[in-house]
Amino acid sequence: MRTEARLFAGVAVFFAVTAAGYGWRSAEPAGTAALAVACLMAALVAFFLYVQHRRRGARAQDRPDAEVIETAGPIAFFPPHSPWPITIALGAVLLALGVVFGLWLALIGLGVLATGVFGMVLQYADRDAQSSEPSRGVPESRSGTP
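Residues numbered from 1 in each chain as written. Predicted model: local features only at pLDDT ≥ 70, side-chain atom pairs only at ≥ 80, totals over all residues. Heavy atoms only, no water.

## Re the overall build of the protein
Stage number 1. Along the protein, the regular secondary structure elements total five helices and zero strands.
Stage number 2. Looking at the protein as a whole, 17% of its 146 residues are labelled buried.
Stage number 3. Long-range contacts, defined here as pairs at least 24 residues apart, represent 56% of the contacts in the protein between residues at least 6 apart.
Stage number 4. Counting only carbon and sulfur atoms, one obtains 69% of the accessible surface of the protein, whose full area is about 11,500 Å². (Helix = DSSP H or I, 4+ residues; strand = E, 2+ residues; numbered from the N terminus. Buried < 20%, exposed > 50% of the residue type's maximum accessible area, 1.4 Å probe, protein only. Contact = heavy atoms within 4.5 Å. Areas by Shrake-Rupley, 256 points an atom, 1.4 Å probe, with all protein chains shown as cover.)

## Details of the packing of helix α1 (residues 2-25) against helix α2 (residues 29-56)
Stage number 1. Packing of α1 against α2 leaves a shortest axis separation of 8 Å and a crossing angle of 160°. When the axes of α1 and α2 are compared, the pair comes out roughly antiparallel. Here α1 and α2 pass one another in a crossing that is left-handed.
Stage number 2. Among the residues forming the contact of α1 with α2, the class breakdown is 19 nonpolar, five polar and two charged. (Axes fitted to C-alpha atoms, helices over the stretch in contact; angles between N-to-C directions. Parallel < 35°, antiparallel > 145°, perpendicular 65-115°, else oblique. Left-handed = near helix turned anticlockwise from the far one by under 90°. Nonpolar A, V, L, I, M, F, W, Y, C, P; charged D, E, K, R; others polar.)

## Examining helix α3 (residues 84-101)
Count 3.6 residues to each turn of an α-helix, and residues three or four apart come out pointing the same way.
Stage number 1. End to end, α3 covers 25 Å across 18 residues, agreeing with the expected 26 Å (1.5 Å per residue, within 8%).
Stage number 2. On its buried face, α3 sits against α4 (103-122).
Stage number 3. Gly102 occupies a position one or two residues after α3 and carries a positive phi of about 155°. (Expected span 1.5 Å × (residues − 1).)

## Section: α1
Stage number 1. The first and last C-alpha atoms of α1 sit 34 Å apart over 24 residues, in line with the 34 Å expected at 1.5 Å per residue.
Stage number 2. For α1, every residue scored as buried is listed here: Ala5, Ala12 and Ala19.
Stage number 3. If you follow the buried residues of α1, they end up packed against α2.

## Structural notes on the environment of Leu7
Stage number 1. Assignment of secondary structure puts Leu7 in helix α1.
Stage number 2. Considered as a pair, Leu7 and Ala42 are 35 residues apart in the sequence and their alpha carbons are 9.3 Å apart.

## Considering the environment of Leu97
Stage number 1. Positionally, Leu97 belongs in helix α3.
Stage number 2. Relative accessible area serves as the criterion here: at 36%, Leu97 is assigned to the partly exposed category.
Stage number 3. C-alpha separation for the pair Leu97 and Gly109, spaced twelve residues apart in sequence, amounts to 8.4 Å.
Stage number 4. Apart from residues no more than four positions distant in its own chain, Leu97 is found in contact with Gly102 and Leu105.

This is the structure we're talking about:
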C-alpha cells in the first residue's frame, strides 16, 4: 500500500498548494476552505494507507520485481447481504425530510441513521474472533465430572 499512500500524499500536496495559491490570489474564503478540506481528506487516506503498509508489510504490488501470480488468492471478506444500507438510506431520507417538516422528524431520522451506521460498522465485528477459535467436536459437560 506504499504506492497508494504516496499517490494520495501527492494529491494532498497538490490540494495544499492549490489552496494556498487560491487563498493568496483571491479573497474568497469558501473556495479556500473547500480546497483545504480536500487536502485534509486526501491526507487522511494517505495516512491510513501508510499505517496499513507499516502494519501488514509490503505487498507484491509494492515490489517492482513481483510476478502477477504473487497477487493471486483470496482478497478479503465481502458480506453476501445486509439490511443496513437500506436502513442508512431510510435514515438519510427521514433526516432530510426532517429539515423540511420539523425537528421531530429530523430526530427520528438521526436515530434511524445512527442505528444503520452502527449496525453496518459492527455487523461483522466478531468475525475474526470466531474464525480464529479452534472448533471442538464434542462440547464439554457442565456437570463437573470429567
